[in-house]
Amino acid sequence: MSKKAKQHGLKKWKVLGLMVLAALLLLAACGQQGSQPASGGQDGGSEGGDKGGGEAKGEILIGGIFDITGGTGDVGQPYAEGAKAYFEHVNAQGGINGHKVRLIDIDYAYQVPQAIEAYQKLTQQDKVIGILGWGTGDTEAMKELIAEDKIPYISGSYSENLANVEQHPYNFLTAATYSDQAKIAIKWFVDNWKENRKPRMALIYNDTPFGRSPVEDAKAFAESVGVEVVDEQVVEVTALDASSQLLNMRSKNPDFVIIQQTWGATATILKDAKRLGIKTQFIGLNWTAGEGLISLAGDAAEGFIGVIIHALPSEGVDKVPGLAEIESYLKGKGKTLADINQKFVQGWHSAKVMLEGARLADELTGEGLRKGLEKLNQFDTEGLAAPVTFTADSHRGTTMARLGQVKNGKWEIITDYISYQ
């Protein structure tokens, strides 16, 4: 064979090879349509969409890292159920700007290593553009990863450590931080203090990043407003007895106690306090409050005050119009508002904020979702929570919360949305 013929043959095979490669790439691209997250070039604007072709848009994929079976599952499970329900509701209403939405959720059982493993799966394998997370320990452990990967992250944690937007530009807080909640409770107590001496305060919390989160800020604020901090006690989040800690605390005679726990440990504290005849005023931050506490503590919950950052279903649609949307969803399931609790509302609200950011995003990528969330200005959910505002300079959605008290076995709201400032 001549040299010229050989060159012609090689050229022919190269052309054929390129044609085969192009065909394979085309088939791969076609096979991926509709199964990949709508990102990087898919229109996420309110006026975007497929015009003329009528083809379905890709899904918006959001991750969920929840505690269903771990130490905070008492409140984590209904929170997760509320988040999942909102995604289902949105799809039933037609999705977001023509896109279906999907929540890919994982139970990490309140174990930080499992949360990191879940995060890696969701970001690297599933290619989600945002995540609804959960705990303080795991969210704080991953905050650098979250920033590096540019994944907007709305956690069930309201740790003050997550509020620095310069250090953590992809973490968003949809409710008042634990530190702000504690300050609100302390200021309310001081404003209603009648005796001619300094009020005395104690703290009870669990030895986790969640439990410790507001402690130092609460102590500093208390002292700044004339409150004497007299005691601290550690009660584990899964504790079934708190007698020794309460006896130690009683010797310091506090006028009120700030509790940072979930329903289970708070019920243990209240039942043991009632049995021991301790009369101090217990005030719990948001994860202590809700219907589950009354179910677990019974009449020992009477008089307990909780920080209320989301609506109670028992408030009804007349007082909280935003509950009508949830009521409509539940009706389709043969249920009513009486079948859910406040933590369901909390999960629903977190998902609602996340997907509102997606609706406002110019492009459905992590960075686009962040910019969409930063467009929220006094985002009003008709009473489901305090209005939320995010900007490029602040991801602290609000500093407002209400207080509620257990009276005659039911929660009664005793303040409007208030701040410590």
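Residues numbered from 1 in each chain as written. Predicted model: local features only at pLDDT ≥ 70, side-chain atom pairs only at ≥ 80, totals over all residues. Heavy atoms only, no water.

1. Quick look at the sheet that holds strand 10 (residues 305-308)
One open sheet accounts for 7 strands, arranged 7-6-8-9-10-11-12; its pairing is mixed. Of all strands in the sheet, those with a lone pairing partner are strand 7 (228-234) and strand 12 (410-413), marking the two edges. For this sheet, the mean inter-axis angle between neighbouring strands, taken without regard to orientation, is 25°. Bridging between strand 8 (residues 256-260) and strand 9 (residues 281-284) involves 4 bridges; their strand directions are parallel. (Pairing = 2+ DSSP bridges. Helix = DSSP H or I, 4+ residues; strand = E, 2+ residues; numbered from the N terminus. Axes fitted to C-alpha atoms, helices over the stretch in contact; angles between N-to-C directions.)

2. Considerations on the packing of aromatic side chains
Inspection of the entire model under this criterion finds 16 aromatic pairs. Geometrically, the ring pair formed by tyrosine 86 and tryptophan 348 is edge-to-face, given 5.1 Å between the ring centres and 70° between the ring planes. On the criterion of sequence distance, the pair formed by tyrosine 86 in helix 2 (residues 73-92) and tryptophan 348 in helix 14 (residues 342-360) is long-range, its members being 262 residues apart. As far as burial versus exposure is concerned, tyrosine 86 and tryptophan 348 are alike and both buried. (Phe/Tyr/Trp six-rings, centres within 6.5 Å; stacked < 30°, edge-to-face > 60°. Buried < 20%, exposed > 50% of the residue type's maximum accessible area, 1.4 Å probe, protein only.)

3. Some thoughts on the side chain of serine 159
Mapped onto the elements, serine 159 comes out in the loop between strand 4 (153-154) and strand 5 (171-172). Residues contacting serine 159, with those up to four places away along its chain left out, are Thr136, Glu140, Leu173, Thr177, Tyr178 and Ser213. (Contact = heavy atoms within 4.5 Å.)

4. Here's the deal with helix 8 (residues 215-224)
Val215, Ala218, Lys219, Phe221 and Ala222 are the residues of helix 8 that are buried. In this structure, the buried side of helix 8 is in contact with helix 6 (178-191), strand 6 (200-205), helix 7 (209-212) and strand 7. Positive phi appears at glycine 226, one or two residues downstream of helix 8, with a value of about 85°.

5. Here's the deal with the nonpolar core
Core analysis: the biggest nonpolar cluster contains 120 residues, and Ile62, Ile65, Leu132, Leu246, Phe282 and Ile326 have the highest contact counts within it. Leaving out residues up to four positions away in the same chain, isoleucine 62 has contacts with Phe87, Arg102, Leu103, Ile104, Val128, Ile129, Gly130, Ile131, Leu132, Met354, Leu355 and Leu369. (Core = buried A, V, L, I, M, F, W, Y, C linked by side-chain atoms within 4.5 Å.)

6. Structural notes on unusual backbone geometry
You will see that asparagine 253, though not glycine, has its phi angle at about 50°, which is positive. Relative to the helices and strands, asparagine 253 is located in the loop between helix 9 (243-250) and strand 8. Assessed through its relative accessible area of 46%, asparagine 253 is described here as partly exposed. Not every positive phi belongs to a glycine, and asparagine 408 is a case in point at roughly 55°.

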